[in-house]
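# Structural overview
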Amino acid sequence: MSEITLKNICKQYDDEHYAVKDFNLDIHDKEFVIFVGPSGCGKSTTLRMIAGLEDISDGELWIDDELCNYLEPRDRGMSMVFQNYALYPNMTVYDNMAYALKIRKMPKAEIDEKVHQAAKTLEIEHLLKRRPGALSGGQKQRVAIGSAIVRKPKAFLMDEPLSNLDAKLRAQMRIELSKLHRELGTTIIYVTHDQTEAMTLGTRIVVMKDGIVQQVAEPQKLYNNPANLFVAGFVGSPSMNFCDCYVEREGDRCTLRLGSRDSERKIYLDGVKAGMLNMFHADEQVTLGIRPEDIYEYEEAAAGGFEKNTIGMVKKVETREMLGAEVALYFEEQGSTFGARLKPENNTQVGEEVALYFDPDKIYVFDKITEENIFYKEGM
Ligand SMILES: Nc1ncnc2c1ncn2[C@@H]1O[C@H](COP(=O)(O)OP(=O)(O)OP(=O)(O)O)[C@@H](O)[C@H]1O
Ligand SMILES: [Mg+2]
């Protein structure tokens, strides 16, 4: 049982700016928590502060009921797995995995049992006599994880452990890490800049930007209910499309005019969304967001009953990608690229036009200034 709590954790490498600012999080036992965000947003710094490899400038780190800000790394009960494996090149795989236990002066028989058990879980028993130089990237990564497992830590801290692997191996190791997490039942805190890795591995995801936590949520909630434009654009692949719109009140309905106030290209919204926009943003400019998978052709829109909600979105195809199960079409919209994922039967070629329909239930609207999701549901 272990709980890790970060209270207003800050990191300043210099006086001027924060690498991490006011990081608050309760990590529960057995969670698989992901820190995700673009390069330089403070993910590794936060992880290293938890590990004790970096001083905490301000705030409190609690592990169980102990304040740990000044606790030595080895006394925190964490095992760290790095991107570059950190294996001893002159030792066999067995000795690499046994090393931390030997230092602790654990009896030989017990070490032997632990190493073999971990090797079995990771399917590397046949490699125990080899040296790291004779292993593939994926095998090295497994040995590094094995060295962490034998120590039976309160939590694993992993910093981009898969980023040195090729795409196929990465996908495979992703599945194995999920399995490992279930089998070991240990808390994992995992850093990545890859949103796919975050979405597939995490039980909870912390999205960071410029040292500041943007949102903490389960993967599906992050996808369906992003707090702001940054999270909306970061989560999901290919990413959400954005464009400028003007809000026009029409009784209970709300019209979003694309691009300019007198544009004839428009989206009608009804119900709660229309109510909120009419009440708080009438006549304002906002940012509309829609995911490529929520854009349809006429037949599907008609089947869904929303074919009359989109007017005039006839676009010329700039790029076409046949992906087998679907076709991705790309258009220009207000100077940016807009993508739609349509049924593979769609035969529109580059240079030809296609009429598109947005699913109004899947439309997001962001405040032009704060970039907050206007429809964000607190606590969801
Ligand atoms: N030792 C250091 N001294 C000064 N600044 C540092 C130091 N380490 C990191 N930083 C700065 O702190 C910020 C956060 O860095 P950090 O390594 O935590 O980012 P990251 O999210 O892990 O990025 P990446 O995805 O590139 O690994 C960056 O602006 C970085 O330049
Ligand atoms: Mg990093």
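Just so we're clear, the structure is a prediction, and the values are computed from it rather than from any experiment. (Residues numbered from 1 in each chain as written. Chains lettered and ligands numbered in written order. Predicted model: local features only at pLDDT ≥ 70, side-chain atom pairs only at ≥ 80, totals over all residues. Heavy atoms only, no water.)

## Examining the pattern of salt bridges
As a reminder of what qualifies: One speaks of a salt bridge when a side-chain nitrogen belonging to Lys or Arg is within 4 Å of a carboxyl oxygen belonging to Asp or Glu. Helix and strand assignments follow DSSP, with helices taken as H or I runs no shorter than four residues and strands as E runs no shorter than two, numbered in order from the N terminus. Only protein chains enter the accessibility calculation, which uses a 1.4 Å probe. A residue is then buried if its area is under 20% of the maximum for its type, exposed if over 50%, and partly exposed in between.
Taken as a whole and judged by the stated rule, the model has 20 salt bridges. In this structure, E31 engages R204 in a salt bridge whose closest nitrogen and oxygen atoms are separated by 2.6 Å. Taken together, the residues span a long stretch of sequence, with E31 in the loop between β2 (20-27) and β3 (32-36) and R204 in strand β9 (residues 204-209) at a distance of 173 residues. Accessibility expressed as a relative area gives 18% for R204, which makes it buried. As a salt-bridge pair, R341 and E326 come within 2.7 Å of each other at their nearest N and O atoms. Of this pair, R341 sits in strand β20 (residues 336-342) while E326 sits in the loop between β18 (319-322) and β19 (327-333); the two residues are 15 residues apart in sequence, bridging distant segments of the chain. Beyond isolated ion pairs, a larger network of salt bridges with shared partners links E248, R257, E264 and K266.

## Section: the nonpolar core
Going by this rule: Working definition of a nonpolar core: buried Ala, Val, Leu, Ile, Met, Phe, Trp, Tyr and Cys residues. They are joined through side-chain atoms within 4.5 Å. Every residue pair with non-hydrogen atoms within 4.5 Å of one another is taken to be in contact.
Ranked by size, the top nonpolar core spans 47 residues in total, and within it I34, M97, V115, I145, L177, Y190 and V207 carry the most contacts. Once residues lying within four places of it in the same chain are set aside, the contact partners of M97 are V115, A118, A119, I124, L128, V143, G146, S147 and V150. Core analysis: the second largest hydrophobic core is formed by 29 residues, C245, F331, F338 and F375 among them.

## Details of the packing of aromatic side chains
Going by this rule: Here a pair means two rings of Phe, Tyr or Trp (six-membered ring of Trp) with centres within 6.5 Å. Their orientation is stacked below 30 degrees between planes, edge-to-face above 60, and tilted elsewhere. Consider the ring centre and the ring normal. A charge sits over the ring if Lys NZ or Arg CZ is within 6 Å of that centre and within 35 degrees of that normal.
Tallied over the entire structure, the rule returns nine aromatic pairs. Relative to F358, the ring of F338 has its centre 6.1 Å away and its plane inclined at 15°; by these criteria the two rings are stacked. With a gap of 20 residues between them, F338 in strand β20 and F358 in strand β22 (residues 357-358) connect regions that are remote in the sequence. Residue classification places F358 among the buried residues on the basis of a relative accessible area of 0%. Grouped by ring-pair contacts, the aromatic residues F242, Y364 and F366 constitute a single cluster. The positively charged end of K21 is found above the aromatic ring belonging to Y18, 5.1 Å away from the centroid. Residue placement shows R291 over the ring face of Y223; its charged tip is 3.9 Å from the ring centre.

## Focus: the UniProt feature "domain: ABC transporter" (unreviewed entry) in the protein chain
This is how it is decided: UniProt positions are given in the numbering used here, feature names are shortened, and annotations may be inferred rather than shown by experiment.
UniProt records the feature "domain: ABC transporter" (unreviewed entry) at residues 4-235, using the numbering of this structure. The straight-line gap between the two end C-alpha atoms of residues 4-235 is 25 Å; of that span, 36% is helix and 24% is strand.

## Re helix α5 (residues 167-184)
What counts, and what does not: By this rule, a helix spans an expected 1.5 Å times one less than how many residues it contains. In this description, one arc is meant: the one made by directions from the helix axis to the C-beta atoms.
Along its 18 residues, α5 runs 25 Å from first to last C-alpha, staying within 8% of the 26 Å computed at 1.5 Å per residue. Those residues of α5 not exposed but buried are M173, R174, L177, S178, L180 and H181. Looking straight down α5, one finds that the buried residues subtend no more than 160° of arc, so they occupy a single side. Away from the buried face of α5 by more than 90 degrees, exposed residues K168, I175 and R182 are located. Looking at the buried positions of α5, the neighbouring elements they touch are β3, α3 (108-121), α4 (137-149), β7 (155-159), β8 (187-192) and α6 (195-201). Once α5 finishes, G185 follows within two positions and takes phi at roughly 60°, a positive value.

## Topic: the sheet that holds β8
Rules: The criterion for strand pairing is that DSSP finds at least two bridges linking the strands in question. Each axis is a line fitted through C-alpha atoms, taken for helices only over the stretch in contact, and angles between the N-to-C directions span 0 to 180 degrees.
An order of β6-β7-β8-β3-β9-β10 is seen for the six strands of this open sheet, with the pairing classed as mixed. Every interior strand has two partners, whereas the edge strands, β6 (78-81) and β10 (212-217), have only one. Here the average twist between neighbouring strands, direction ignored, is 15°. Taken together, the five bridges between β9 and β10 define a ladder with antiparallel strand orientation. When the bridges of β10 are listed, V207 appears paired with Q215. Along the sheet, α4 contacts β6 and β7; its crossing angle with β6, the most-contacted strand, is approximately 170°.

## Describing the domain arrangement of the protein chain
As a reminder, the rule being used: As used throughout, domain bounds are those supplied by an automatic or database domain assignment. Note on definitions: buried area is the accessible-area loss of two parts on being combined, 1.4 Å probe, summed for both.
When the domains of the protein chain are assigned, the result is domain 1 (4-234) and domain 2 (241-367). Each of domain 1 and domain 2 has a C-alpha centre, and these two points are 40 Å apart. At the junction of the two partners, domain 1 supplies seven residues and domain 2 supplies six residues. Roughly 600 Å² of surface becomes buried between domain 1 and domain 2 when both sides are summed, with 60% attributable to carbon and sulfur atoms. Three residues stand out in domain 1 for area buried against domain 2, namely Y223, L229 and A232, and they jointly supply 74% of the buried area on that side.

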